[in-house]
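Each chain, written out:
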Amino acid sequence: DQQVKQNSPSLSVQEGRISILNCDYTNSMFDYFLWYKKYPAEGPTFLISISSIKDKNEDGRFTVFLNKSAKHLSLHIVPSQPGDSAVYFCAASAADSWGKLQFGAGTQVVVTP
Amino acid sequence: NAGVTQTPKFRILKIGQSMTLQCTQDMNHNYMYWYRQDPGMGLKLIYYSVGAGITDKGEVPNGYNVSRSTTEDFPLRLELAAPSQTSVYFCASSPQGAQPQHFGDGTRLSIL
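First, a word on what this report is: a plain description of the structure on this page.

What counts, and where the lines are drawn
- Residues numbered from 1 in each chain as written.
- Chains lettered and ligands numbered in written order.
- Predicted model: local features only at pLDDT ≥ 70, side-chain atom pairs only at ≥ 80, totals over all residues.
- Heavy atoms only, no water.
- Contact = heavy atoms within 4.5 Å.
- Buried area = accessible area lost by both parts, 1.4 Å probe.
- Salt bridge = Lys/Arg side-chain N within 4 Å of Asp/Glu carboxyl O.
- Polar contact = N/O pair within 3.5 Å; in protein donor to acceptor, adjacent residues only side chain to side chain.
- 1 Å grid on protein atoms, 1.4 Å probe; cavity = no way out; pocket = protein on both sides within 12 Å on 5 of 7 lines; lining within 4 Å.
- Points joined across faces, edges and corners; volume = space filled by probe spheres on them.
- Helix = DSSP H or I, 4+ residues; strand = E, 2+ residues; numbered from the N terminus.
- Core = buried A, V, L, I, M, F, W, Y, C linked by side-chain atoms within 4.5 Å.
- Buried < 20%, exposed > 50% of the residue type's maximum accessible area, 1.4 Å probe, protein only.
- Disulfide = S-S within 2.5 Å.
- Pairing = 2+ DSSP bridges.
- Patch = residues over 30% accessible without salt bridge, like charges linked within 9 Å, V, L, I, M, F, W, Y side chains within 5 Å.
- Areas by Shrake-Rupley, 256 points an atom, 1.4 Å probe, with all protein chains shown as cover.
- Nonpolar A, V, L, I, M, F, W, Y, C, P; charged D, E, K, R; others polar.
- Axes fitted to C-alpha atoms, helices over the stretch in contact; angles between N-to-C directions.

**Regarding the interface of chain B and chain A**
- At the junction of the two partners, chain B supplies 21 residues and chain A supplies 18 residues.
- Of the roughly 1600 Å² buried between chain B and chain A on both sides combined, carbon and sulfur atoms contribute 61%.
- Among the residues of chain B in contact with chain A, B:Leu43, B:Pro100 and B:Phe103 are the three that bury the most area, contributing 26% of the side total.
- The interface formed by chain B and chain A includes zero salt bridges.
- Linking chain B with chain A are three residue pairs in polar contact (both at pLDDT 80 or more).

Take a look at the structure:
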């Protein structure tokens, strides 16, 4: 039972434009959400997080938006750069779950010149 | 600062063999986790630990065992390797539960 879904397996965007990655979840107990970035042959690297008490969090070029009523979050990257080409995973955890993460299947982002 | 270190990076096993995947962290994190990632899928939690001497099952624990005798080390044991355990295995750690996890670079395991 996939509780975190990333329905777009891939995304191609031009350098300098905005990348928008989407993530949906089904478990209403989730209250902490994270985005990870992964390059080939490396482990996932933490990018940005948001707790359920907020609806937006920014860190430089990265902004995460949370819509709790729709059980939806998105990651905006602006402007997109060639080094942003990677797989992006959405993950979520519930308050009483000892930090156990549920991951989406990932979105492959390719930034073209 | 090494972070989370996993060894080996690659391994090929025959069906029925056993092995231990090593994971060590130098950040003095209390929480440690083992995940597996199958092709085209997200990471799935195998086992986790909230401190030395304390471990518990995750989503896909069958066929695996863990121990946590020190804060730094969290080895994952496969007793009777099966083809379904062919995967990439990631170890992670965090200071507490609701905080970002730091990942190692993974162990790519093939069972033939």
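Continuing now.
**Some words on empty space enclosed by the protein**
- The final tally for this structure, using the stated rule, is one cavity of 30 Å³ or more.
- Along its surface, the largest cavity is lined by 13 residues, and A:Gln2, A:Gln102, A:Phe103, B:Leu43 and B:Lys44 are the ones closest to its centre.
- Listed by contribution, the elements that provide at least two residues to the lining of the largest cavity are strand S10 (102-103) of chain A together with strand S5 (43-51) of chain B.
- Considering each element in turn, the lining of the largest cavity owes the most residues, three residues, to S5(B).

**Quick look at the nonpolar core**
Residue and element names in this part refer to chain A.
- Phe33, Trp35, Leu73, Leu75 and Tyr88 are the most contacted members of the largest nonpolar core, which totals 24 residues.
- Among the elements of the structure, strand S3 (19-25), strand S4 (30-38), strand S5 (45-51), strand S7 (62-67), strand S8 (72-77), strand S9 (86-94) and strand S11 (107-112) are those that each provide at least two residues to this core.
- Here the element with the most residues in this core is S9; it accounts for five residues.

**Description of the state of the cysteines**
Residue and element names in this part refer to chain A.
- According to the stated counting rule, one finds two disulfides over all chains in the structure shown.
- Two residues share a disulfide in this structure: Cys23 and Cys90, whose sulfurs sit 2.0 Å from each other. Because the sign of the S-S torsion sets the handedness, a value of about -75° for the bond joining Cys23 and Cys90 places this disulfide among the left-handed ones. On the criterion of sequence distance, the pair formed by Cys23 in strand S3 and Cys90 in strand S9 is long-range, its members being 67 residues apart. Comparing Cys23 with Cys90 shows no difference in burial state: the two are buried.

**Describing the pattern of salt bridges**
- Evaluated as defined, the whole model comprises six salt bridges over all chains.
- Close ionic contact of B:Asp38 with B:Arg36 constitutes a salt bridge, the shortest N to O distance being 2.9 Å.
- Under the relative-accessibility criterion, B:Asp38 is labelled partly exposed at 24%.
- Residues participating in the shared-partner salt-bridge network are A:Lys37, A:Arg61 and A:Asp84.

**Quick word on the sheet that holds S8(A)**
Residues and elements named next belong to chain A.
- Strand order in the open sheet made by the five strands is S1-S3-S8-S7-S6, with antiparallel pairing throughout. Only two strands of the sheet have a single neighbouring strand rather than two, namely strand S1 (4-5) and strand S6 (56-59).
- Pairing of S7 with S8 involves six bridges; the strand directions are antiparallel. Bridged to Asn67 within S8 is His72.

**Focus on a nonpolar patch on the surface**
Residues and elements named next belong to chain A.
- A contiguous nonpolar patch, built from Ile18, Ile20 and Val78 and spanning about 230 Å² of accessible area, is present on the exposed surface.
- Relative to the assigned elements, Ile18 resides in the loop between strand S2 (10-14) and S3.
- Look at Ile18 and you get partly exposed, because its relative accessible area is 41%.

**Quick word on the layout of surface pockets**
- Computed from the structure, the largest pocket encloses a volume of approximately 500 Å³.
- Around the largest pocket sit 26 residues that line it, and A:Lys38, A:Ala41, B:Gln37, B:Val88 and B:Arg108 are the ones nearest its centre.
- When grouped by side-chain class, the residues that make up the lining of the largest pocket number twelve nonpolar, eight polar and six charged.

**Some points on the sheet that holds strand S8 (residues 76-78) of chain B**
Residue and element names in this part refer to chain B.
- Read across the open sheet, the four strands follow the order S1-S3-S8-S7; overall the sheet is antiparallel. Sheet topology places strand S1 (4-7) and strand S7 (64-66) at the edges, where each strand pairs with a single neighbour. Ignoring strand direction, the axes of neighbouring strands in this sheet form an average angle of 20°.
- The pairing of strand S3 (residues 19-25) with S8 spans three bridges and is antiparallel. Bridged to Thr20 within S8 is Arg77.

Purely geometric stuff here, so don't read any function into it on its own.
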